[in-house]
Each structure stands twice: as structure tokens, then as C-alpha cells.
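What the coordinates show
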Amino acid sequence: MDFDVIIIGGGHAGTEAAAAAARRGARTALISFDPERIGAMSCNPAIGGLGKGHLVREVDAFDGLIARATDAAGIHYRMLNRSKGTAVQGPRVQADRKLYARAIQSMLARQAGLEIVAGEAKSLTVAGDRVTGVLLADGRILASRAVVLATGTFLGGRLFCGDQRDAGGRWGEQAATVLGHQLRALGLPMARLKTGTPPRLDGRTIDWARLDEQRSDADPWTMSPLTQSRALPQLFCAVTRTNPDTHAIIRSGLDRSPLFTGAIGAAGPRYCPSIEDKIHRFADRDGHQIFLEPEGLDDHLVYPNGISTSLPADIQAALIASIEGLERARIVTPGYAVEYDHIDPRALTPTLALQAMAGLFCCGQINGTTGYEEAAGQGLLAGLNAAAHALSLAPVILDRASSYLGVMIDDLVLQGVTEPYRMLTARAEYRLRLRADNAETRLSPIALAAGCLGDARQQRLAARAHARQLIEEALAVPLPSRTLLAGDAPVVDDGATRSGYDWLRFPGVQIGHVAPQLARVHDRALIDEIAEDARYAPYINRQDSEIAAIRRDESLPIPMEFDFGAVPGLSNEMVERLSVARPVSLAAAGRVRGITPAALSAILLHVRKRAA
């Protein structure tokens, strides 16, 4: 059987890669151990969050799957950081596990040019330094011009729960052991990482009446702009906490914890540590929050977010019983840790292609990341670029100034990882430009040029461009201050005349004060986005100037003997990192971890002064 692109793995990375490659016109095969498990949510039943929600919206701008599947399964919507500016707000949605997987599988089934293949990918077929396809465990050979590895935690995966050890990438599912051996034999730079999950609880045994409720947001926003309204009933989550008794129970079991006995030697995610790590690292804390998240409308399972653990099952039962509201809660499935192989992402190009083997692409946890959203973003780009390789099309490469996707890929391929990588808004130096609410505006034109948008998305893009023009024309109309005062806007009558766009920069001035007719005609989300553009305009213009200056001067060479310690304004940490990395140009200096645009400006001035 011949294909243009073959995807190995049906998780969040693999499904996005398969759909993206097919949307770009490649004959695509998606190989999965069990097609009925395609799109399964291995860990928490939620999509999005701070930084992560930005990635979801960006994948959606390329006509990806994750946002629409989230809305099809959404049972609890919450905008995180709502009290802060829109640049750092993060949309997060609890999803019904069964409905989410069903939505993903349904979209894949409708995708032209995509075939689902049930089986185990035993090994890659290789000719010299080029991949030629995949050998399945049953002896079938699938030929292709490009292969995408989206193996998640299955590559050499081992599960840990107390003294129990099993091969597997997820509870009850086998590991991709033979493929892992082949990749190591090929001499690829590989290491091990670890992640984990909490025990699942029987929600019927939780005393919900004693706990604080956290209800879904009342305003009807959705994860994808293509979703007209929320389709499902909304459930509430609840919040409880660990306590000193819980911590004492956990400490009593540390001698049986694989994290503390040395059975697990790989690094875990710093920003999502196990409960064992929490009570060890934050010994002064008397409690840690736990969010009780329902797993579905017709499912009694509850996910206790915040107590990921690989402690023995009896210790897990005791610690659960010590928590308010969970005294009688029954564990259905114990928590566990999983250790797995990953490739050093510095071995990849910005297209997520492996430099050492033509036609081989990697995405998701195999690249050292953690999280559904990071996986989906990499899957999108790996799929688009695998299709580009197979069909001789232009690659899709995003930079840090255009997207969180660009930030993530740049971080991975230039910095590598020492722990599972998680997206945070703080990683994006241009985050004022990269809001979750403007992802469609920023990236849909790039997606259109790449030829990966379906008909419905293209029609929406054209209609949206026309509406934006009309809104901007309405906001360009000059308005004297007395007109705003007459409409109860919180401004002073200074006699000035400004455009509606400029008035929106004033605190408290809303669209209704400057162009009340717009809300009756146009999409509210687009109006709000343009209003936010107006409010952020001075800061965005300043960032745009910085970006333009850096791009003009990024080829400026930096002498090997340059003394970074002599540059005013650089922190000791920056000086140390730059002195070790020894960047040969301003562009290279900008890619050293933690070097800010302000620091680059200072280096630029000092290099010029030294050369004068």
C-alpha cells in the first residue's frame, strides 16, 4: 500500500497531523493500535488554559480539529485570568471524554484522503538516510514519502504504581517497544521523561454538598469560532484541599514511591508535579488545591486534578479518605506514573523534520513536551510539513512574533528540554500581539496560503475580512468629546475630536459609546477583538518597532571575544547564558533562553558602539 504520508499514533498530535496532511492534499494513513481509542484523553478531561488555550485557538485557525472537538464535548467552560488583560486570558473547557473521542473520530472519518489503519507500527523501513515507510507487526509494509512519529508516551513506555511495574503507554494499553529499540539503534539522540495521572474517583461516593462549587461561565463563548453555541448541558466542578493529615499519609508511603526509591529516574513536568513532589518541595504548605472535574455527562468518574501520584494503591486510598468531601470516595482506577522515550528536539528542524533522516517528522511527547495542546500544535505543523515534503510544497514555518506555535517550536528546536515542556504565556515575549481572541486574524491568512483550509473556513475568512473593513471604517469616524459625554462615556469635555478607534484607548470607553450601531450588525467577537486591538495599539506599535529593528539588524555579527558583562542592563543570568552560548549574531543571541527584546536592543547598541 502506497501513501504520501504515514502517521504513527492516534493521540492529539497524531490526529492533527493526519488531518493536516490530508487537508493539504497528501494521501495519508493513520496507524493506531486500536482505532476505537483514537482521540482518547489520556490524562485530565480538559482542553486549554493559560498559554495552552492560545495554542488551541491557533490550531483552529489552521482548520484543525481540537477546538471543534472540544466544543462538541464541552461540559464546563471557564476563562482563566478573566480579571487580567485579554493577552493573558486562557480559555479552558472540561470535555466529556467519550464525546471528545467520538468527535475526533467523526471528523477523521469525513476527511478526504485519509485512511485509518489498525495495527502496530513495528519499525520504520529505511533506505540509506531516508525513510521509505512502515513495517507493521503483522508483516504488512506501507510505503510512503514521509512518516510522522506521534507516539505519545507509548515509545518504550513503562507504568509505575507503587511496586507494580508494567510495560505500557497508558493504563491497559501496550507500549511501542520494538519501534523504540529501532530508533535507539539508529543512533538518534534519545532520553527518558516522566509524567503521571491521579486516581479516578467514583463521583457517586463524593460528598458534593460539603464542597465549593465552580460553575461554568455564563457568557456563551466557545473554543472555536465555527461553533455557534454550546451543544451540551453544563456541569459544575468542585474544589477541595489536601491537609496536614493527607501530607502525613503521603510521607508514610514515600519509601514505596517509585519517585523516591529511584525506580523512576526521568524528570517530570515542573509545572504539574505529583502530590509526592508537592509535599516534598513545599513542605511549609499546609494544603494544596484539588479540582474535582467530571469526566462526562453519563460517566460517574471524576478526575481529582492536583493529586497526580504513583504511590501504592493502599496509600492512595488512605490519602483520598483524609480529604474533605472525599472521606467515603471510592477509587475506580489508581493513579500511576509513566516513563517513556523522547527524542532531543534539537535534532529537528523548524519544520519538525529529523535532520538525520529525510522524510521523518516528530510531534508531541516524543519531542519532550507535555499536554494535549502542545501535542496538537506540533501535530498540525508536522502534518503540514510532512505533506509539503511528500508533495514538494512550501513548508509552513511560524516565528515567535506570529504565534505561540512559533514560540513553542523555536524553544524546542533551539533550546531542547530538560523536563517535559509546557506552554506558558510568559514564554512569549510578544504576547500582547498574540492574544487568544485574535488567533484567527493572525494565522488564517497563512493557513489559506498553505492550502489547508476547508470551504467553510474559507467562506468565513472572506466574510470576516469584509466585516472587519466595515467595522474599522465605522471606528475611523471623528467624534468630538461632547458626543461621547452625551452618551455617558467616562471622559472629560476637553474639546478634542478623535476617531472612535482612538477613543477606545481611554479607560471605560466601550464600543457602545463610539459606534453603538455595530453590535446590531456584526459578530460580537470580532467587534470585541478590534476594540482590544485599539486598547493595545500603543504597546503593539512599540513591539512592532522592536521586531522590525531586530529583523533589520539580526544578521549583525557579534565578535567571539565580545564581553557580555560589559553591556548595561543585562542580568547576571543573561550574561552567564550568553557567555556559554557564544552567539555569533544578534539573531542567534535572541534564541538563547531568557534573552528579552530589551536585552537584544542593549546588545545591538553595545556592538555598534564597540565597532565605531
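Residues numbered from 1 in each chain as written. Predicted model: local features only at pLDDT ≥ 70, side-chain atom pairs only at ≥ 80, totals over all residues. Heavy atoms only, no water.

**A few points about the overall build of the protein**
For clarity, the threshold we go by: The numbering of helices and of strands both runs from the N terminus, where a helix is a DSSP run of H or I of at least 4 residues and a strand a run of E of at least 2. Using C-alpha atoms as the atom set, the radius of gyration is obtained and then compared with a globule rule of 2.2 Å times the number of residues to the power 0.38. Working definition: with a 1.4 Å probe on protein chains only, accessible area under 20% of the residue-type maximum means buried, over 50% means exposed, and in between means partly exposed. We call two residues contacting when some pair of their heavy atoms lies within 4.5 Å. For the area figures, the Shrake-Rupley method with a 1.4 Å probe applies, and any residue is considered shielded solely by the protein chains shown.
Helix and strand counts for the protein come out as 20 helices and 22 strands. In terms of overall size, the protein behaves like a compact globule, its C-alpha atoms giving a radius of gyration of 26 Å where 612 residues would be expected to give roughly 25 Å. With respect to the three principal axes, the spread of C-alpha positions in the protein is 75 × 65 × 55 Å. Here the protein holds 612 residues, and 57% of them are scored as buried. Taking the contacts inside the protein whose residues are at least 6 apart along the sequence as the reference set, 72% of them involve residues at least 24 apart. About 24,900 Å² of surface is accessible on the protein, with carbon and sulfur atoms providing 52% of the total.

**With respect to the sheet that holds strand β17 (residues 301–305)**
Note the cut-off: Between any two strands, at least two bridges found by DSSP are needed for them to pair. Note on definitions: angles span 0 to 180 degrees between N-to-C directions of axes, and those axes are lines fitted to C-alpha atoms, for helices only across the stretch in contact.
If you walk across this open sheet you meet the 6 strands as β14-β15-β16-β17-β13-β18, and the pairing is antiparallel. Among the strands making up the open sheet, the edge pair consists of β14 (212–214) and β18 (331–333). Strand-to-strand twist of the sheet, defined as the mean angle between neighbouring strand axes without regard to direction, takes the value 40°. Where strand β16 (residues 289–294) meets β17, 4 bridges bridge the pair, whose relative direction is antiparallel. Its bridge partner being in β17, Glu293 is matched across the sheet by Tyr303.

**Observations concerning the pairing of β16**
Where strand β15 (residues 237–241) and β16 come together, 4 bridges link them in antiparallel fashion. Residue pairing for β16: Val239 is matched across the bridge by Phe291. The antiparallel hairpin formed by β16 and β17 contains 6 residues in its connecting segment.

**Regarding the pattern of salt bridges**
Heads up, the rule is: Criterion for a salt bridge: a side-chain nitrogen of Lys or Arg within 4 Å of a carboxyl oxygen of Asp or Glu.
The final tally for this structure, using the stated rule, is 42 salt bridges. In this structure, Asp138 and Arg140 form a salt bridge, with 2.8 Å as the shortest nitrogen-oxygen distance. On the basis of relative accessibility, which here comes to 52%, the residue Asp138 falls in the exposed class. With its nearest N and O atoms 3.0 Å apart, the salt bridge here joins Arg400 to Glu429. Taken together, the residues Arg400 in the loop between α10 (372–391) and α11 (404–415) and Glu429 in the loop between α11 and α12 (439–450) connect sequence positions 29 residues apart. On the accessibility criterion, Glu429 (22% relative accessible area) is partly exposed.

**Considering the nonpolar core**
Quick note on the threshold: The criterion is simple. A nonpolar core is a set of buried Ala, Val, Leu, Ile, Met, Phe, Trp, Tyr and Cys residues joined through side-chain atoms within 4.5 Å.
In this structure, Phe62, Leu124 and Leu149 are the most contacted members of the largest nonpolar core, which totals 105 residues. Among the elements that line this core, the one with the most residues is α10, at 10 residues. Apart from residues no more than four positions distant in its own chain, Phe62 is found in contact with Arg23, Leu380, Leu384, Val396, Leu398, Leu405, Leu443, Ile446, Ala447, Cys452 and Leu453. With 20 residues, the next largest nonpolar core counts Leu475, Leu504, Ala531 and Ala534 among its residues.

**Let's talk about the sheet that holds strand β12 (residues 190–197)**
Whenever strands of a sheet pair, they do so through backbone hydrogen bonds, lying parallel or antiparallel. Pairing is antiparallel in the open sheet, where 4 strands are placed in the order β11-β10-β19-β12. Each edge of the open sheet carries a strand with a single partner, namely β11 (164–167) and β12. When strand polarity is set aside, the average angle formed by the axes of neighbouring strands in this sheet is 25°. Both β12 and strand β19 (residues 336–343) contribute to a ladder of 8 bridges, which runs antiparallel. By the bridge assignment, Met190 is partnered in β19 with Ile343. Where helix α5 (residues 177–185) meets the sheet, its contacts fall on β12 and β19, and the angle it forms with β12 comes to roughly 145°.

**As for helix α6 (residues 244–252)**
Rules: Summarising the geometry, the arc corresponds to the directions from the helix axis toward the C-beta atoms. Pairs of N or O atoms are called polar contacts if they sit within 3.5 Å, as long as, within protein, a hydrogen donor faces a hydrogen acceptor (for residues adjacent in sequence, only side-chain-to-side-chain pairs).
All buried positions along α6 are accounted for by Thr246, His247 and Ile250. In an axial view of α6, the angular spread of the buried residues amounts to 95°, which keeps them on one side of the axis. Exposed and facing more than 90 degrees away from the buried side of α6 are Pro244 and Asp245. Buried residues in α6 make contact with α8 (275–281) and α9 (313–321). For α6, the side-chain oxygen to backbone nitrogen distance between the N-cap and Asp245 is 2.9 Å, and the N-cap itself is Asn243.

**Description of the packing of α6 against α9**
Worth spelling out the cut-off: When describing relative orientation, an angle under 35 degrees is termed roughly parallel and one over 145 degrees roughly antiparallel, while 65 to 115 degrees is termed roughly perpendicular and anything else oblique. Residue polarity follows a fixed list, in which Ala, Val, Leu, Ile, Met, Phe, Trp, Tyr, Cys and Pro are nonpolar, Asp, Glu, Lys and Arg are charged, and the others, Gly among them, are polar.
For the pair α6 and α9, the least separation of the axes is 8 Å and the interaxial angle reads 170°. Here α9 runs roughly antiparallel to α6, going by the angle between their axes. Contacts between α6 and α9 involve Thr246, Ile249, Ile250 and Ser252 on the former and, on the latter, Ile315, Ala318 and Leu319. Tallied by class, the residues present in the contact of α6 with α9 amount to 5 nonpolar, 2 polar and no charged.

**Some points on α5**
Regarding α5, the residues found buried are Leu179, Gly180, Gln182 and Leu183. Buried residues of α5, viewed axially, fall in a sector of 160°; they line one side. Among the exposed residues of α5, those pointing more than 90 degrees away from its buried face are His181 and Ala185. Those residues of α5 that are buried lie in contact with β1 (2–8), β7 (121–127), β9 (141–149), β12 and β19. At the C-terminal side of α5, Gly187 shows a positive phi close to 80°.

**Concerning the layout of surface pockets**
Inclusion rule: Using a 1 Å grid laid over the protein atoms alone, points where a 1.4 Å probe fits but cannot get out form a cavity; open sets with protein on both sides within 12 Å along at least 5 of 7 lines form a pocket; any residue with an atom within 4 Å of a point counts as lining. Grid points are joined across faces, edges and corners, and a volume is the space filled by probe spheres set on the points.
Estimates place the volume of the second largest pocket at around 1,000 Å³. In terms of lining, the second largest pocket is formed by 34 residues, of which the most central are Arg57, Trp221, Asp437, Ala525 and Asp528. If you list the elements that add at least two residues to the lining of the second largest pocket, you get α2 (52–61), α12, α13 (455–475) and α17 (524–553). The greatest single-element share of the lining of the second largest pocket, amounting to 8 residues, is contributed by α17. Per-class residue counts for the lining of the second largest pocket are 12 nonpolar, 8 polar and 14 charged.

**Re the packing of aromatic side chains**
The line we're drawing: Ring geometry is summarised as follows: Phe, Tyr and Trp rings, the Trp one being its six-membered ring, pair when their centres sit within 6.5 Å, and such pairs are stacked at plane angles under 30 degrees, edge-to-face over 60 and tilted between the two. Working rule: Lys NZ or Arg CZ, within 6 Å of ring centre, within 35 degrees of ring normal, means a charge sits over the ring.
Tallying each qualifying case throughout the model produces 5 aromatic pairs. On the basis of an interplanar angle of 45° and a centroid distance of 4.9 Å, the ring pair of Trp503 and Phe506 is categorised as tilted. Given the relative accessible area of 30%, Phe506 is considered partly exposed. Relative to Phe564, the ring of Phe562 lies with its centre 5.0 Å away and its plane at 75°, an arrangement referred to as edge-to-face. Each member of the pair, Phe562 together with Phe564, is buried. The ring of Trp503 has Arg498 lying over it, and the distance from NZ or CZ to the ring centre is 4.6 Å.

**So, the environment of Gly162**
The residue Gly162 is located in the loop between β10 (158–161) and β11 in this model. Each C-alpha atom, one on Gly162 and one on Asp255, is 9.5 Å from the other, the two residues being 93 residues apart in sequence. The residues contacting Gly162, other than those within four sequence positions of it, are Arg256, Pro258, Ser310, Leu311 and Pro312.

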